[in-house]
Amino acid sequence: MSNPSILTPESFLNFNADANLQQGDYHIDIPELKAGEQYRFHFDTTACIGCHACEVACNEQNNNASDVKWRRVGEMSVGTFPEMTQLFNSMSCNHCIDPECLKGCPTESYIKIDNGIVIHDDDTCIGCQYCTWNCPYEVPVFNHDRGVVTKCHMCYDKLANNQTPACVQTCPGAAIEIEAFNVEQWQSKDMYEQGVAPCLPDVDITKPTTRYTLPEINGVVTPADSFMVKPNHAEWPLVFMTLLTQVSFGGFVALFASSMLNLIGFDLASANVFIVLAIFLPAAIGLPLSALHLGRPILALTAMKNYKTSWLSREAIALGVYTGLLSLLLVLYYFEVSPVLKFMLESLILPIGIYGIYAQSMIYRIKARPSWNKKETTKVFFSVGYIGLILIALCLSYMNQTASANVLITVLLFLSFYNITLLKTQSDFYKNLSDSHKNFYQLNKTKKLYEEFFPKQNKYRKQMLYIGGLILPMFALLFNAQGDNLAAVFLLGLALIISFSSEIIGRYLFYVTAVAQGLAGNFFVGNQR
């Protein structure tokens, strides 16, 4: 006679069916969606034991390497020792109602299908990884072997055949379930009550759909990785691409201003083909460098596809057109056509260049990266153009057009001083950072990176800005005034190198000190950026 207290496969399956659990069963019964409904995950934090079986099952199911995690388990502590408890959060894609990954993707590789699940089309992905920045939950993950981003798709192909997703099936505590819900009811009311969990981003950013069951929480919730501070990716191709295009545009603004003033009667030095070439080359070199950032650079041109919602697509189009029109302007200067015709083309290039640099800055003004999401980002991206002024002043001094060079140097000094002011604004922001700031957790880590990891780089960057942006141009102005243009050329050449080096350090720090919002207590992060 069998002992009823012994668990057998048959008794387990019968219990599972009687309890209406999705866990431990290959077959899943989910309701058909009604009008206005979609599917979502439900996660019961009171049932999770932090075993990470869901992570392993997901990777096995989708044949992912160990560093490509579509589902991750975060760990938090509640209270203070000795009266403290553990809290876990198993998170994959939240299949948001308003997904930032979908809006930001330049190739439209994200698709929200009829049942609400957000899927990713790997075939069209260029591996730009912009979605890994945009997602406040760090869900998309870059697969280095394939050169594309991948993510959780709720095993939608299995669901279509009434098969249980791997994470749901494997969880020993039945903490993960698939549910249907009414979208309007969720985003108007329930999301603010059942869609929030400790140490997660503001639900209004993307309107995530995961429903949480939480225990009673008494005390402060602390992410288990709160003590961990590490630099982000340096993104060297983007460091040089952004700087070179901004330098080019700064030089072009000087060219445009000179052409306009000469047309209305001023007697400034006229630009020539060499000055236009000096403006064109940084953009022509910088734009292709961005392809080195891509996982699949051969598909780089498809980044222009999603101009309706993606700032990256808008930047690619605007700066591509800007550089193309600069090459046409170069031809006009080479053949010495009418100044009016050249000015007409320059008048067309100017707004395109302005929009291109603005779009470039908006790529980074995203809520998922608090240290980037500031109006100062846009100001810095435009003000780096002071290096373009140094470049043009250098050319004018070499051509012995010292009076025009000095006019430009004067403007340059004001712009350099403005850059120093922006740098001080940033320092003051972190110096006075309050723990009441809604993004204090991330911004405080950025502050620590600046002060504890990169203090020397930050110091050198400031010193070089003073030397290259103010002191050397000031002496160059004096040498030009007394007729020694060769000394001015030497000083401006030195200023160009030092200032550009300062901005390289500044842009490097911009990337490596960015701390993303994401899953709290995420020790086993894998390739999340």
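Please read these numbers as outputs of a predicted model, since none were measured by experiment.

### Quick look at the overall build of the protein
Scanning the protein for helices and strands turns up 17 helices and 10 strands. Projected onto the principal axes, the alpha-carbon positions of the protein cover approximately 110 × 50 × 40 Å. Residues classed as buried in the protein amount to 55% of the 529 residues present. Within the protein, counting contacts between residues at least 6 apart in sequence, those at least 24 apart form 74% of the total. Of the roughly 24,200 Å² that the protein leaves accessible, carbon and sulfur atoms contribute 61%. Within the protein, the 43 negative side-chain charges are centred at a point lying 8 Å from the centre of the 37 positive side-chain charges.

### Here we look at empty space enclosed by the protein
Evaluated as defined, the whole model comprises six cavities of 30 Å³ or more. In this structure, the largest cavity spans a volume of roughly 100 Å³. Forming the boundary of the largest cavity are 16 residues, of which Cys-48, Cys-51, Cys-54, Cys-171 and Pro-172 lie nearest the centre. Grouping the amino acids of the lining of the largest cavity by side-chain chemistry returns 12 nonpolar, four polar and no charged.

### Brief notes about the pattern of salt bridges
Counted according to the given criterion, the structure contains nine salt bridges. With a shortest N-O distance of 3.3 Å, Asp-98 and Lys-103 are connected by a salt bridge. What makes Asp-98 partly exposed here is its relative accessible area of 27%. Among the salt bridges present, the one from Asp-122 reaches Arg-146, with a minimum N-O distance of 3.0 Å. Pair noted here: Asp-122 is in the loop between β5 (118–120) and α4 (130–134) and Arg-146 is in the loop between β6 (141–143) and β7 (148–150), with a separation of 24 residues, a long-range link. One continuous salt-bridge network, built from bridges that share partners, spans Arg-40, Glu-179 and Arg-211.

### Overview of the sheet that holds strand β8 (residues 176–182)
Taking strand neighbours across the sheet as the criterion, the three strands line up as β8-β1-β9 in an open arrangement whose pairing is mixed. Where the open sheet ends on each side, the last strands, each with one partner, are β8 and β9 (211–213). Each strand axis lies, on average, 30 degrees off the axis of its neighbour in the sheet, ignoring direction. Across three bridges, strand β1 (residues 37–44) lies against β9 in parallel orientation. Bridge pairing links Phe-43 to Tyr-212 in β9. Strands β1, β8 and β9 of the sheet are contacted by helix α7 (residues 183–194), whose axis makes an angle of about 130 degrees with β8.

### Digging into a nonpolar patch on the surface
Nonpolar side chains collect at one region of the surface, where Leu-263, Ile-264, Phe-266, Val-340, Leu-341 and Met-344 lie side by side and expose about 610 Å² of accessible area between them. Looking at which element gives the most residues to the nonpolar patch, the answer is helix α11 (residues 339–362), with three residues. Relative to the helices and strands, Leu-341 resides in helix α11. When its relative accessible area of 43% is taken as the criterion, Leu-341 is described as partly exposed.

### Things to note about the packing of helix α16 (residues 455–481) against helix α17 (residues 485–512)
Between α16 and α17, the least distance of the axes is 8 Å, while the angle of their chain directions is 160 degrees. When the interaxial angle is binned, α16 and α17 end up roughly antiparallel. When the axes of α16 and α17 are compared, the crossing they make is left-handed. Of the residues assigned to the contact of α16 with α17, the class counts are 18 nonpolar, 10 polar and two charged.

### A closer look at the layout of surface pockets
Where empty space is left in the structure can be found by rolling a water-sized probe over the atoms. Of the voids in this model, the second largest pocket is the one considered here, and its volume is about 520 Å³. Around the second largest pocket sit 26 residues that line it, and Leu-287, Ser-290, Ala-291, Ala-303 and Ala-316 are the ones nearest its centre. Within the residue set of the lining of the second largest pocket, elements represented by two or more residues are α4, α8 (236–263), α9 (273–289) and α10 (311–334). The element that contributes the greatest number of residues to the lining of the second largest pocket is α10, accounting for six residues.

### Some remarks on the packing of helix α14 (residues 402–431) against helix α15 (residues 440–453)
Two elements in contact, α14 and α15, have axes separated by 10 Å at closest approach and are oriented at 120 degrees. Taken together, the axis directions place α14 and α15 in an arrangement best described as oblique. The crossing of α14 and α15 is left-handed. Of α15, the residues touching α14 (which contributes Gln-426, Phe-429, Tyr-430 and Lys-431) are Leu-443, Thr-446, Lys-447 and Tyr-450. Tallied by class, the residues present in the contact of α14 with α15 amount to four nonpolar, two polar and two charged.

### Let's talk about the sheet that holds strand β10 (residues 221–223)
Across a sheet, strands are paired by hydrogen bonds formed along the backbone, either parallel or antiparallel in direction. Ordered by their spatial adjacency, three strands build an open sheet running β3-β2-β10, and the pairing between neighbours is antiparallel. Taken across any chain shown, the strands that pair with only one partner, and hence form the sheet edges, are β3 (83–91) and β10. Direction aside, the axes of adjacent strands within the sheet are offset by 30 degrees on average. Note: strand β2 (residues 72–80) against β3, nine bridges, orientation antiparallel. Of the residues in β3, the one forming a bridge with Gly-79 is Met-84.

### Some words on unusual backbone geometry
Outside of glycine, negative phi angles account for most residues, and trans bonds account for most peptide bonds. One non-glycine residue, His-95, lies in positive phi territory at about 45 degrees. Residue position: His-95 is located in the loop between β3 and α3 (100–104). His-95 sits in the buried class, given a relative accessible area of 0%. One non-glycine residue, Asn-400, lies in positive phi territory at about 65 degrees.

Cut-offs and rules
- Here the residue numbers are simple positions, counted from 1 along each chain's written sequence.
- Per-residue local features of the predicted model are confined to residues with pLDDT of at least 70, and side-chain atom pairs are confined, for both listing and counting, to 80 or more; whole-chain, interface and lining totals are unaffected and use all residues.
- With hydrogens and water set aside, each side-chain value is computed from the structure's full complement of heavy atoms.
- Think of it this way: any DSSP run of H or I at least four residues long counts as a helix, any run of E at least two long counts as a strand, and we number them from the N terminus.
- Only protein chains enter the accessibility calculation, which uses a 1.4 Å probe; a residue is then buried when its area is under 20% of its type maximum, exposed when over 50%, and partly exposed in between.
- In what follows, a contact means two residues having at least one pair of non-hydrogen atoms within 4.5 Å.
- Using a 1.4 Å probe, accessible areas were evaluated by the Shrake-Rupley method; residue-level cover was limited to the displayed protein chains.
- Residues scored as positive are Lys and Arg, those scored as negative are Asp and Glu, and His as well as the terminal groups of each chain are ignored.
- By convention, the charge on Lys lies at NZ, on Arg at CZ, on Asp at CG and on Glu at CD.
- Both cavities and pockets are sets of points on a 1 Å grid over the protein atoms alone; in a cavity a 1.4 Å probe fits but cannot get out, in a pocket the set is open with protein on both sides within 12 Å along at least five of seven lines, and lining residues sit with an atom within 4 Å of a point.
- Grid points are joined across faces, edges and corners, and a volume is the space filled by probe spheres set on the points.
- By the convention adopted, Pro, Cys, Tyr, Trp, Phe, Met, Ile, Leu, Val and Ala count as nonpolar, Lys, Arg, Asp and Glu as charged, and the other residues, Gly among them, as polar.
- The working definition used for a salt bridge is a side-chain nitrogen of Lys or Arg within 4 Å of a carboxyl oxygen of Asp or Glu.
- By this definition, two strands are paired if DSSP reports at least two bridges between them.
- Only the contacting stretch of a helix is used when fitting its axis, a line to C-alpha atoms as for every element, and angles between N-to-C directions run 0 to 180 degrees.
- For patch building, the residue pool is restricted to those with more than 30% relative accessible area and no salt bridge; the joining distance is 9 Å between like charges and 5 Å between nonpolar side chains (Val, Leu, Ile, Met, Phe, Trp, Tyr).
- Roughly parallel means an angle under 35 degrees; roughly antiparallel means over 145; roughly perpendicular covers 65 to 115; every other angle is labelled oblique.
- Should the near helix be turned anticlockwise from the far one by less than a right angle, the crossing is left-handed, and should it be turned clockwise, the crossing is right-handed.

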